[in-house]
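Chain by chain, the residues run as shown.
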Amino acid sequence: LGGLTLLAEDTNAVTVKDPWFPRHASDLDNCNHLMTKYEPDLDMSHPGFADKEYRARRKLIAEIAFAYKYGDPIPNIPYTETENETWKRVFNTLVDLVPKHACKEYQRVFQKLREEKIFEPHRVPQLQEVSDFLKKNTGFTLRPAAGLLTARDFLSSLAFRIFQSTQYIRHINSPYHTPEPDAIHELLGHMPLLADPSFAQFSQEIGLASLGASDEEIEKLSTIYWFTVEFGLCKEGTETKAYGAGLLSAYGELLHSLSDKCEHRPFEPSTTAVQPYQDQDYQPIYYVANSFEDAKEKFRRWVAMMSRPFEVRYNPHTQSVEVLDSV
Ligand code: TIH
Ligand code: FE2
């Protein structure tokens, strides 16, 4: 999947012809390939490795995602007492930190989610109700994902304003930081900003740029995604606030990112895109945007220099991507 057909025309020119990528939202049924590095079954350092019950639970919830097809309602998960307890611990620490450390756009939607009783301390919200909320606000919707997806599959869904979201809950023994995405990360980290118009637009533009991109370009786009959507900071007057989902769902790292124990650099797509990173522990470097609008402008200028020989346009009426030849 996602491979490019290379046609050698002569010895030093290679033309990319007809790369496969999803053209309609239903094609995302084929964009659910997993990275396997965090399987609790395979990774001995995973907090769930020794916990048979946890592993069985993960399997059950993953099967829901594998069976999911475009147009299906997202099945509700009756979360267990332990899962709700894990959510509650993270939620209650976050409630205290948001007013001081989250960007204003996050705060506005977080408040709204509380008022609408979608975010409550005692129960994990269901993906379908959150998807309905997003749809009303920015047209984004959710589909369940079984785990960490390949960058190409994950980014491509954003082109359709679809966010692939895990549905399982992290192990109760590691509530405040996990190296893999889980529903707590998706819900507390990603949902508020996907309901913000400017941020939703930025997310979709990264997705559109990824369609039919080369492997190297996918690597750069996912690095930009990492340092913005996942771990981004932004200026608010003289202060620095968090907007990255990986910060807003991980209480320990949120404080770390705003302390003097890490480095802050200005967000600049050409340098940010090639910054190596790891996902096992807190980040040593964070990138600071002036605002979402400014990040979007810089990103647009950088994307315009990508080598893709065609342009794409999303048609929301048909939920499809139109390809425009530009060569
Ligand atoms: N570290 C985040 C958390 O503990 O909520 C989860 C992830 C963010 C990005 C990748 S995994
Ligand atoms: Fe994430």
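Description of the structure in this document. Since the structure is predicted, the reported quantities are computational estimates derived from the model, not experimental observations.

Bringing the site of ligand 1 into the picture now. Close contacts around ligand 1 come from 13 residues, with Arg170, Thr178, Pro179, His185 and Ser249 the closest. Arg170 is positioned with one of its side-chain polar atoms (N or O) 2.8 Å from an oxygen atom of ligand 1. Compared with its free state, where it exposes 310 Å², ligand 1 has 96% of that area covered by protein. The pocket occupied by ligand 1, as judged from atoms lying within 2 Å of grid points, is the largest pocket.

What follows covers the coordination of the iron ion (ligand 2). Under ideal tetrahedral coordination, the four donors around a metal are separated by 109.5 degrees; under ideal octahedral coordination, the six donors are separated by 90 or 180 degrees. Taken together, the protein donors to the iron ion (ligand 2) comprise His185 (NE2), His190 (NE2), Glu230 (OE) and Glu230 (OE), at separations of 2.0 to 2.7 Å. Mapped onto the polypeptide sequence, the residues donating to the iron ion (ligand 2) form the spacing pattern H-x4-H-x39-E. Residue His190 is found in helix H6 (residues 183–194), and its partner Glu230 is found in helix H8 (residues 215–230); the two are separated by 40 residues along the sequence. This pair shows no difference in class: His190 is buried, exactly as Glu230 is.

Turning our attention to the layout of surface pockets. Counted as a void, the largest pocket has a volume near 730 Å³. Leu148, Pro181, Trp226, Glu230 and Asp279 are the residues nearest the centre of the largest pocket, which is lined by 37 residues in total. It is H8 that provides the largest number of residues to the lining of the largest pocket, a total of 5 residues. Of the residues assigned to the lining of the largest pocket, the class counts are 15 nonpolar, 13 polar and 9 charged.

Locating Ser257 in the fold gives a position in helix H10 (residues 251–257). Here Ser257 falls in the buried class, since its relative accessible area comes to 0%. Every residue in contact with Ser257, bar those within four places of it in the chain, is listed here: Leu233, Leu247, Cys262, His264 and Tyr286.

The next point concerns empty space enclosed by the protein. All chains considered together, the criterion is met by 3 cavities of 30 Å³ or more. Within this model, the second largest cavity holds a volume of roughly 40 Å³. Lining the second largest cavity, in full, are Asn32, Ala65, Phe66, Arg143, Pro144, Ala145, Ala146 and Gln164. When residues of the lining of the second largest cavity are traced back to their parent elements, those giving at least two are helix H1 (52–67) and strand E3 (141–145).

The N-to-C vectors of helix H4 (residues 127–138) and H6 enclose an angle of 25°; their axes lie 9 Å apart at closest approach. Classified by the angle their axes make, H4 and H6 are roughly parallel. Residue-level inspection shows Leu127, Val130, Leu134 and Thr138 of H4 in contact with H6, the latter providing Leu187, Met191 and Leu194. Residue composition of the contact of H4 with H6, by class: 6 nonpolar, 1 polar and no charged.

On to the sheet that holds strand E5 (residues 233–236). In space, the 4 strands of this open sheet follow the order E6-E5-E8-E7, with mixed pairing throughout. Of all the strands in the sheet, just strand E6 (239–242) and strand E7 (263–266) have a single pairing partner and so form its edges. Direction aside, neighbouring strands of the sheet carry axes that sit 40° apart on average. When E7 meets strand E8 (residues 285–289), the two strands line up parallel, connected through 4 bridges.

Parameters and conventions
- Residues numbered from 1 in each chain as written.
- Chains lettered and ligands numbered in written order.
- Predicted model: local features only at pLDDT ≥ 70, side-chain atom pairs only at ≥ 80, totals over all residues.
- Heavy atoms only, no water.
- Near = heavy atom within 4 Å.
- Polar contact = N/O pair within 3.5 Å; in protein donor to acceptor, adjacent residues only side chain to side chain.
- Areas by Shrake-Rupley, 256 points an atom, 1.4 Å probe, with all protein chains shown as cover.
- 1 Å grid on protein atoms, 1.4 Å probe; cavity = no way out; pocket = protein on both sides within 12 Å on 5 of 7 lines; lining within 4 Å.
- Sits in = over half its atoms within 2 Å of the grid points.
- Donors = N, O, S within 2.8 Å, 3.2 Å for Na, K, Ca; no water.
- Helix = DSSP H or I, 4+ residues; strand = E, 2+ residues; numbered from the N terminus.
- Buried < 20%, exposed > 50% of the residue type's maximum accessible area, 1.4 Å probe, protein only.
- Points joined across faces, edges and corners; volume = space filled by probe spheres on them.
- Nonpolar A, V, L, I, M, F, W, Y, C, P; charged D, E, K, R; others polar.
- Contact = heavy atoms within 4.5 Å.
- Axes fitted to C-alpha atoms, helices over the stretch in contact; angles between N-to-C directions.
- Parallel < 35°, antiparallel > 145°, perpendicular 65-115°, else oblique.
- Pairing = 2+ DSSP bridges.

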